[in-house]
Amino acid sequence: MALFGEVRTTLTIHNITFQDANIVGNGSTNAAILVGTLSDGNLSTIAVHGTVSEAYYIGGIVGYLNPVSNPPYIIHSQADVNLTSSLGSENGGGIVGGSGSNKGIMMDVNSKGNLIFLNNPAAVGGITGYFFGDIQSARNDSKVTVSGGGNAGGLVGKLYSGTMIDANNSQDVNGQLGTTSTGGAVGLLDSSTIIRVF
């Protein structure tokens, strides 16, 4: 559920701005303001503002990053979003909800707003919930609130097999009632490296 349900292209989508968007997933798999599932292709200079709710992969710009061939990248982009869901087992993030089993790349991304997941989500972060890949030059000003389980981080809920460099989180992370792992930067760091992350 998004402007583009799925993107598979060798091209770059760039210079797009959304204001006051309202995306209701209604229990769908992937929801975001711009792209539900990004399988191939790149995003550059994207700015979104609005709300997204009730999906399993829920993000401001991309719901689910699922690379098929070359690693897609998201660069020079920002989100000002409120994300909420009570489905359980969600992956949620201000830029990307979560990713699949092939690497993606984010560079120069910024997120602000409120992320509230109160029914045992899987992973929630100001930039991305679950991410397999590399992040460079990221800033989060989103408030993250998680309850009932899962991994919660100011920047990334769970970072797997990746590197994060030059990233900053300005907000507290509120992990309530049984949240598994909570961190100011990353909830769970798995086979990954962070450099100059605050």
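The coordinates are above.
Each value, and the rule that gives it
- Residues numbered from 1 in each chain as written.
- Predicted model: local features only at pLDDT ≥ 70, side-chain atom pairs only at ≥ 80, totals over all residues.
- Heavy atoms only, no water.
- Core = buried A, V, L, I, M, F, W, Y, C linked by side-chain atoms within 4.5 Å.
- Buried < 20%, exposed > 50% of the residue type's maximum accessible area, 1.4 Å probe, protein only.
- Helix = DSSP H or I, 4+ residues; strand = E, 2+ residues; numbered from the N terminus.
- Contact = heavy atoms within 4.5 Å.
- Salt bridge = Lys/Arg side-chain N within 4 Å of Asp/Glu carboxyl O.

1. Topic: the nonpolar core
Within the largest apolar cluster, 46 residues are counted, with the highest numbers of intra-cluster contacts made by Leu-43, Ile-61, Ile-74, Ile-95, Met-106 and Met-164. Contributing elements (two or more residues each) for this core: strand S1 (4-31), strand S2 (35-59), strand S3 (62-65), strand S4 (73-85), strand S7 (104-117), strand S9 (128-147), strand S11 (156-160) and strand S12 (163-169). Element by element, the count of residues in this core is highest for S2, at 8 residues. Filtering out sequence-adjacent residues up to four positions away, Ile-74 remains in contact with Leu-38, Leu-43, Val-62, Ile-95, Val-96, Ile-105, Met-106, Met-107 and Val-109.

2. Some words on the pattern of salt bridges
With the rule as written, the count across this model stands at 4 salt bridges. Its salt-bridge partner being Arg-8, residue Glu-6 comes within 2.8 Å of it at the nearest N-O pair. Taking relative accessible area as the criterion, Glu-6 reaches 44% and is therefore assigned partly exposed. Overall, the relative accessible area of 61% leaves Arg-8 in the exposed class. Close ionic contact of Asp-166 with Arg-196 constitutes a salt bridge, the shortest N to O distance being 2.5 Å. With Asp-166 in strand S12 and Arg-196 in strand S16 (residues 193-197), the pair connects residues that are 30 residues apart, well separated along the chain.

3. A closer look at the environment of Gly-27
When you line up the elements, Gly-27 lands in strand S1. What makes Gly-27 partly exposed here is its relative accessible area of 32%. Residues Gly-27 and Ala-123, spaced 96 residues apart in sequence, show a C-alpha to C-alpha distance of 17 Å. In contact with Gly-27, other than residues within four places in its own chain, are Glu-54, Tyr-56 and Leu-87.

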